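# Results of the structural survey
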Amino acid sequence: MKKSGYRTTFHIYFIFLLTLIGTILSAILLFFLLITVRKPDGSYVRSDWPKSFTESFGRQIQFTDGTPRVTQAGIELLQDNGVGLQILAPDGREAYSYRKPDSVGGSYSAFTGTVQNAGEDCVYILYFPMKISAITMYLNGDRFSGGRPLILSLLCVLFLVVLISGALYGFWTSRQLKRLTASIQDISLRRYLSNHSRGAFEDLYASLNALDAEIRASDRLREETEKMREEWISNITHDLTTPLSPIKGSRRSYKTGTPGRRNLTGGTPRSY
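As a starting point, this report considers the structure included with it. (Residues numbered from 1 in each chain as written. Predicted model: local features only at pLDDT ≥ 70, side-chain atom pairs only at ≥ 80, totals over all residues. Heavy atoms only, no water.)

### With respect to the sheet that holds strand S5 (residues 84–88)
Strand order in the open sheet made by the four strands is S6-S5-S8-S7, with antiparallel pairing throughout. Strands at the two margins of the open sheet, each flanked by one partner only, are strand S6 (94–98) and strand S7 (109–117). The mean inter-strand angle of the sheet, taken between neighbouring strand axes irrespective of direction, is 20 degrees. This element, helix H2 (residues 49–57), spans S5, S7 and strand S8 (120–128) of the sheet and lies at about 145 degrees to S8. Against the sheet, helix H3 (residues 72–81) makes contact with S5, S6 and S8, and its axis sits at roughly 55 degrees relative to S6, the strand it touches most. (Pairing = 2+ DSSP bridges. Helix = DSSP H or I, 4+ residues; strand = E, 2+ residues; numbered from the N terminus. Axes fitted to C-alpha atoms, helices over the stretch in contact; angles between N-to-C directions. Contact = heavy atoms within 4.5 Å.)

The following block contains the structure:
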């Protein structure tokens with residue numbers, strides 16, 4: 001019986017352990033989705049990749065007679081990553097552009113950098129085909145919108161999962177307890193059938209099976225003892241009501257009177 005209690009307790013904690021593991025895995029997945037972005041080629045990189053890409057791209061910009069140009073390697077980087085480029089002159093005019101989106105917004109995020117030309121700073125803007133939001137870290141803006149609604153939604157989903165799991169387990173446990181109650185009643189009525197169910201109550205059903213076997217063996221022993229007692233009483237009663245037979249044996253009959261005496265000489269005694 002104690003083993004069944006331990007097994008049931010372990011079963012309950014195992015369910016909550018699975019729920020906890022599911023929560024942790026969901027948090028890890030959410031964190032992974034927030035700190036990663038998917039490039040056009042399908043690979044995943046950290047969410048700060050656009051920033052580092054922008055900072056390093058300045059080496060691909062060169063000036064010829066004051067006119068900005070992009071190296072062939074830089075053009076290939078822009079093509080491979082689906083990035084648009086716009087270079088602004090010191091006075092704010094557009095001096096160069098490559099695959100600049102017509103409408104910046106929606107799924108595009110812009111990052112800026114500066115390069116020097118003749119002591120003057122020229123600003124270049126890179127347009128990435130993804131939404132990046134800078135908070136305290138670089139996050140995937142497609143999956144993180146303010147943070148609070150997503151976190152609240154996740155907590156609600158986890159709460160519902162725990163609530164539904166607890167309700168289902170409660171129904172299952174109630175059903176098992178009803179079966180156990182019926183089994184105990186069947187044992188008292190001597191109509192119990194052995195149950196070899198598996199699961200959390202396996203040891204408990206094994207104990208009930210053993211208890212039923214002991215009770216049935218005790219009942220058989222009591223019936224045999226009662227039968228022997230009735231036979232013994234019947235035999236004793238029969239012996240007491242049967243009359244005893246007379247004891248047969250030899251008897252000597254004696255004649256009354258005094259026998260005649262003989263004289264010492266062997267003659268017949270005389271009569272006086």
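### Digging into the packing of aromatic side chains
Throughout the structure, instances matching the rule amount to seven aromatic pairs. Aromatic side chains Trp49 and Phe53 sit 5.3 Å apart centroid to centroid with 45 degrees between the ring planes, which places their arrangement in the tilted category. On the criterion of helical spacing, the pair formed by Trp49 and Phe53 is a turn pair, its members being four residues apart in helix H2. Pairing Phe53 with Phe128 gives two aromatic rings, centres 5.7 Å apart and planes at 80 degrees, and the pair type is edge-to-face. Placement of the pair is Phe53 in helix H2 and Phe128 in strand S8, with a sequence separation of 75 residues. The class for Phe128 is buried, based on a relative accessible area of 0%. Ring pairing ties together the aromatic residues Trp49, Phe53, Phe57, Phe111, Tyr124 and Phe128, which thus form one cluster. (Phe/Tyr/Trp six-rings, centres within 6.5 Å; stacked < 30°, edge-to-face > 60°. Buried < 20%, exposed > 50% of the residue type's maximum accessible area, 1.4 Å probe, protein only.)

### Here's the deal with a nonpolar patch on the surface
A surface patch of nonpolar side chains, about 730 Å² in accessible area, is lined by Phe14, Leu17, Leu18, Leu20, Ile21, Ile24, Leu25 and Ile28. Mapped onto the secondary structure, Ile24 falls in helix H1 (residues 2–34). (Patch = residues over 30% accessible without salt bridge, like charges linked within 9 Å, V, L, I, M, F, W, Y side chains within 5 Å. Areas by Shrake-Rupley, 256 points an atom, 1.4 Å probe, with all protein chains shown as cover. Salt bridge = Lys/Arg side-chain N within 4 Å of Asp/Glu carboxyl O.)

### Side note on the pattern of salt bridges
Side-chain pairs of opposite charge can arise whenever the charged atoms involved come near each other. All chains considered together, the criterion is met by nine salt bridges. The salt bridge involving Asp186 is made with Arg191; its shortest N-O contact spans 3.1 Å. Here Glu226 makes a salt bridge to Arg229, at a shortest N to O gap of 3.9 Å. You can see Glu226 and its partner Arg229 sitting in helix H5 (residues 202–241), three residues apart, about one turn around the helix. Assessed through its relative accessible area of 34%, Glu226 is described here as partly exposed. Residue class for Arg229 comes out partly exposed when judged on its relative accessible area of 45%. A single salt-bridge network, built from bridges that share partners, covers Arg190, Asp219 and Arg222.

### A few points about the pairing of S7
Burial along S7 is one-sided: Ser109, Phe111, Gly113, Val115 and Asn117 are buried, while Ala110, Thr112, Thr114 and Gln116, pointing the other way, are not. Where S7 and S8 come together, nine bridges link them in antiparallel fashion. Residue pairing in the sheet places Val115 in a bridge with Cys122 of S8. What sits between S7 and S8 in their antiparallel hairpin is a turn of two residues, with Ala118 showing a positive phi close to 55 degrees.

### Some words on the nonpolar core
In this structure, Phe57, Leu85, Tyr124, Leu126 and Phe128 are the most contacted members of the largest nonpolar core, which totals 22 residues. Mapped by element, the contributors of at least two residues to this core are H2, H3, S5, S6, S7 and S8. With seven residues, the next largest nonpolar core counts Ile187, Phe201, Tyr205 and Leu208 among its residues. (Core = buried A, V, L, I, M, F, W, Y, C linked by side-chain atoms within 4.5 Å.)

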